[in-house]
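# Structure at a glance
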Amino acid sequence: MSAKENKHNLDTSDCQTAIELNDLVHVYGNPTNKGAQLRFDNWKVQSGQQVFLYGDSGSGKSTLLNLLSGILAPQQGSIKLFGNELSDLSNSQRDRFRAENIGVVFQQFNLIPYLSVAKNIELAVYLAKSSKQDLQASIKQFVSALNLPSNILNKPVSSLSIGQQQRVAIMRAFINSPKLLLIDESTSALDNTAKQAFMSVLMEICQANKTTMIFVSHDLELKRYFSLHTPLSSFCQLSHQSENYLDKEEAN
Ligand SMILES: Nc1ncnc2c1ncn2[C@@H]1O[C@H](COP(=O)(O)OP(=O)(O)OP(=O)(O)O)[C@@H](O)[C@H]1O
């Protein structure tokens, strides 16, 4: 399974910079009642790098991953993924770009509980409109690499343990050979042995496919799997203000 198997609407192939943020601002709330305001300075991640991103609870890690995956739209600034400016894409182009290029594993896994494991994976392939010839072979490879029982594919997700659901979420995230993988606190429900096994497999698959990965965690013990460790506070400032930050910026 190589990243080259993906068919892209937008060209992502030759860009050495996977992520580039410039003067990004995201504000929660409505125009009169502003809540948390997150301001991200310029930040770059090179293609093929795996980054351990850490920070205090509530500092903005999930917000950043939601901005990178296009689930949230920033009020100001620029997010470029493999040279493509996200704000230049229409909603449908952004959905397509995400399905084809980004794999996400968020805290709740977001699997469809009443569908089987196989159907959850096939749905991700369908949404990416991927013409994967060897889907069944790829699924089998992942089941084996992730140490899942071979009879798991026809079981509904709701009948699996949390650890198994987590590995199915990883399989779903990898099935379209994403160029970028965003992982948010996905080891928190695992015991120590399962966590170490999960991390080893994850790093192996990422390194074999040269997948760019942003791995968000509170668990500093997991740092040792990564050569790049970035505190979110090195490029993100959080403030809680009731005044209209954006208007103030525009007035200056
Ligand atoms: N939907 C929302 N509406 C309003 N404020 C929000 C919303 N989501 C997050 N926030 C606020 O934005 C800030 C950053 O939250 P975020 O969830 O990104 O932090 P985090 O670092 O991922 O936290 P944790 O490690 O606890 O998951 C916090 O102050 C939070 O209260």
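Below, the structure is looked at part by part. Given the structure is predicted, the values throughout are model-derived calculations rather than measurements. (Residues numbered from 1 in each chain as written. Predicted model: local features only at pLDDT ≥ 70, side-chain atom pairs only at ≥ 80, totals over all residues. Heavy atoms only, no water.)

### Some words on the sheet that holds strand 4 (residues 50–54)
For clarity, the cut-off: Two strands pair under a simple rule: DSSP has to find at least two bridges between them. Comment: elements are numbered from the N terminus, with helices defined as DSSP H or I runs of at least four residues and strands as E runs of at least two. Interaxial angle, 0 to 180 degrees, is taken between N-to-C directions of lines fitted to C-alpha atoms, where a helix line uses only the stretch in contact. Here, residues are in contact when the closest pair of their heavy atoms is within 4.5 Å.
Ordered in space as 7-8-9-4-10, the 5 strands form an open sheet in which the pairing is parallel. Among the strands making up the open sheet, the edge pair consists of strand 7 (102–105) and strand 10 (228–231). The sheet shows a mean angle of 15° between the axes of neighbouring strands, direction not considered. Examined bridge by bridge, strand 7 and strand 8 (residues 180–184) share 4 bridges and lie parallel to one another. When the bridges of strand 8 are listed, Gly-103 appears paired with Leu-181. The sheet strands contacting helix 2 (residues 91–101) are strand 7 and strand 8, and the helix crosses strand 7 at an angle near 80°. Across the sheet, helix 6 (residues 192–209) lies against strand 4, strand 8 and strand 9 (212–216), angled at about 155° from strand 9, the strand it touches most.

### Describing the side chain of Thr-212
Turning to its location among the elements, Thr-212 is positioned in strand 9. If we skip the residues at most four places from it in the chain, Thr-212 touches Ala-18, Val-45, Gln-46, Ser-47, Gly-48, Gln-49, Phe-82, Lys-179, Leu-180 and Leu-181.

### What to know about the pattern of salt bridges
Under the convention used in this document: The working definition used for a salt bridge is a side-chain nitrogen of Lys or Arg within 4 Å of a carboxyl oxygen of Asp or Glu. The cut-offs for exposure are 20% and 50% of the maximum accessible area for each residue type, with area from a 1.4 Å probe on protein chains only; residues under the lower value are buried, those over the upper are exposed, and the others partly exposed.
This structure, assessed with the given rule, holds 5 salt bridges. Across the pair Asp-95 and Arg-98 runs a salt bridge, and its minimum N-O distance is 3.6 Å. Of this pair, Asp-95 and Arg-98 both sit in helix 2, 3 residues apart, roughly one helical turn. Looking at Asp-95, the relative accessible area reads 43%, which means it is partly exposed. What makes Arg-98 partly exposed here is its relative accessible area of 22%. Its salt-bridge partner being Glu-221, residue Arg-224 comes within 2.9 Å of it at the nearest N-O pair. Judged by its relative accessible area of 55%, Arg-224 falls in the exposed class. In this structure Glu-221 comes out as partly exposed when scored by relative accessible area, which is 36%.

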